[in-house]
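This is what each chain is made of:
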Amino acid sequence: LAKTTQPISMDSYEGQEVNITCSHNNIATNDYITWYQQFPSQGPRFIIQGYKTKVTNEVASLFIPADRKSSTLSLPRVSLSDTAVYYCLVGDGGFTGGGNKLTFGTGTQLKVEL
Amino acid sequence: NAGVTQTPKFRVLKTGQSMTLLCAQDMNHEYMYWYRQDPGMGLRLIHYSVGEGTTAKGEVPDGYNVSRLKKQNFLLGLESAAPSQTSVYFCASSSVGAKNIQYFGAGTRLSVL
């Protein structure tokens, strides 16, 4: 089960680009990297997923180096509404071996200020 | 689009009481999950189901039971509530083809006194 490490918290200002890096040294060949966002009193919401290189959608970009031992979530021009907890998850989502291979850590609390 | 619906949204129990949390999804997803989230912590998996009629234990299953009699519903039961089960409970679902992309409900805030 790949363990992830990400910063506990980050601060930014409106209009800046925010990059949150996640380390996952034990990532397996079949594992995907998935990021979620959670606002207070709400369930997590899927943001982006990738396997290698770069993935971009309307919300964020995900950069994955060739060795896949880390990944970086990039949020362009953040606003106050991007203040949330961001979770990095690694796994294939399967349940082989008797356990769930998708684990939510404590995430990164991003605070965006004016 | 309803997505994943959890009922109730809030509940207060006394120690020893029982209750059932209901999760319903309308996306025809095979996989469903129950998590709990405590202050300052991430989500911890309680139980999950990979299909109708099947359930399995997650990371913290003790004190909880689940049932998946219908594909769209996943029930979480507390037979004898304890203060340690005070938490926010989230249900989620995902499709077989995209297991890592889970859709979450709004949560149930449970207090056990």
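Look above for the structure.
Computed from a predicted model, the values in this text were never measured in an experiment.

### Let's talk about the overall build of chain A
Part 1 of the argument: For chain A, the count of helices and strands is zero helices and nine strands.
Part 2 of the argument: In chain A, the succession of α and β elements from N to C terminus is β-β-β-β-β-β-β-β-β.
Part 3 of the argument: Counting only residues that meet the buried cut, chain A has 45% of its 114 residues in that class.
Part 4 of the argument: For chain A, restricting intrachain contacts to residue pairs at least 6 apart in sequence, the fraction spanning at least 24 positions comes to 56%.
Part 5 of the argument: When the accessible surface of chain A is split by element, carbon and sulfur atoms take 50% of a total near 5700 Å².

### Things to note about the interface of chain A and chain B
Part 1 of the argument: Each side of the interface is counted separately: chain A has 23 residues, and chain B has 20 residues.
Part 2 of the argument: Carbon and sulfur atoms make up 57% of the area that chain A and chain B hide from each other, which totals about 1600 Å².
Part 3 of the argument: Remark: the boundary between chain A and chain B carries zero salt bridges.
Part 4 of the argument: In this assembly, chain A and chain B are joined by five residue pairs in polar contact (both at pLDDT 80 or more).
Part 5 of the argument: The element that contributes the greatest number of residues to the side of chain A that touches chain B is strand β3 (residues 32-38) of chain A, accounting for four residues.
Part 6 of the argument: Its residues assigned to classes, the side of chain A that touches chain B shows eight nonpolar, 14 polar and one charged.

### Here's the deal with the sheet that holds strand β1 (residues 4-7) of chain B
In a beta sheet, neighbouring strands pair by backbone hydrogen bonds and run either parallel or antiparallel.
Residue and element names in this part refer to chain B.
Part 1 of the argument: The sheet built from four strands is open, its strands ordered β1-β3-β8-β7 with antiparallel pairing. Of all the strands in the sheet, the pair left with one neighbour each is β1 and β7 (65-67). Sheet twist, expressed as the mean angle between neighbouring strand axes with direction ignored, is 20°.

### Section: the pattern of salt bridges
Part 1 of the argument: Overall, the coordinates contain four salt bridges over all chains when judged by the stated rule.
Part 2 of the argument: Linking Glu-113 of chain A and Lys-111 of chain A is a salt bridge whose minimum nitrogen-to-oxygen distance equals 4.0 Å.
Part 3 of the argument: Judged by its relative accessible area of 31%, Glu-113 of chain A is partly exposed.
Part 4 of the argument: Residue classification places Lys-111 of chain A among the partly exposed residues on the basis of a relative accessible area of 43%.
Part 5 of the argument: Note that Arg-36 of chain B and Asp-38 of chain B form a salt bridge whose closest N and O atoms lie 3.0 Å from each other.
Part 6 of the argument: Residue classification places Arg-36 of chain B among the buried residues on the basis of a relative accessible area of 9%.
Part 7 of the argument: Via salt bridges that share partners, Arg-36, Asp-38 and Arg-44 of chain B belong to a single interconnected network.

### Quick look at the state of the cysteines
Disulfides are covalent bonds that link the sulfur atoms of two cysteine residues.
Residue and element names in this part refer to chain A.
Part 1 of the argument: In the structure shown here, the tally under the stated rule is two disulfides over all chains.
Part 2 of the argument: The disulfide partner of Cys-22 is Cys-88, and the gap between their sulfur atoms is 2.2 Å. Torsion about the S-S bond of the Cys-22 and Cys-88 cystine: about -80°, corresponding to left-handed handedness. One end of the pair, Cys-22, is in strand β2 (residues 18-23); the other, Cys-88, is in strand β8 (residues 84-91), with 66 residues separating them in the sequence.
Part 3 of the argument: Note on Cys-22: relative accessible area 0%, which makes it buried.

What counts, and at which threshold
- Residues numbered from 1 in each chain as written.
- Chains lettered and ligands numbered in written order.
- Predicted model: local features only at pLDDT ≥ 70, side-chain atom pairs only at ≥ 80, totals over all residues.
- Heavy atoms only, no water.
- Helix = DSSP H or I, 4+ residues; strand = E, 2+ residues; numbered from the N terminus.
- Buried < 20%, exposed > 50% of the residue type's maximum accessible area, 1.4 Å probe, protein only.
- Contact = heavy atoms within 4.5 Å.
- Areas by Shrake-Rupley, 256 points an atom, 1.4 Å probe, with all protein chains shown as cover.
- Buried area = accessible area lost by both parts, 1.4 Å probe.
- Salt bridge = Lys/Arg side-chain N within 4 Å of Asp/Glu carboxyl O.
- Polar contact = N/O pair within 3.5 Å; in protein donor to acceptor, adjacent residues only side chain to side chain.
- Nonpolar A, V, L, I, M, F, W, Y, C, P; charged D, E, K, R; others polar.
- Pairing = 2+ DSSP bridges.
- Axes fitted to C-alpha atoms, helices over the stretch in contact; angles between N-to-C directions.
- Disulfide = S-S within 2.5 Å.

Geometric values such as these leave the question of function open.
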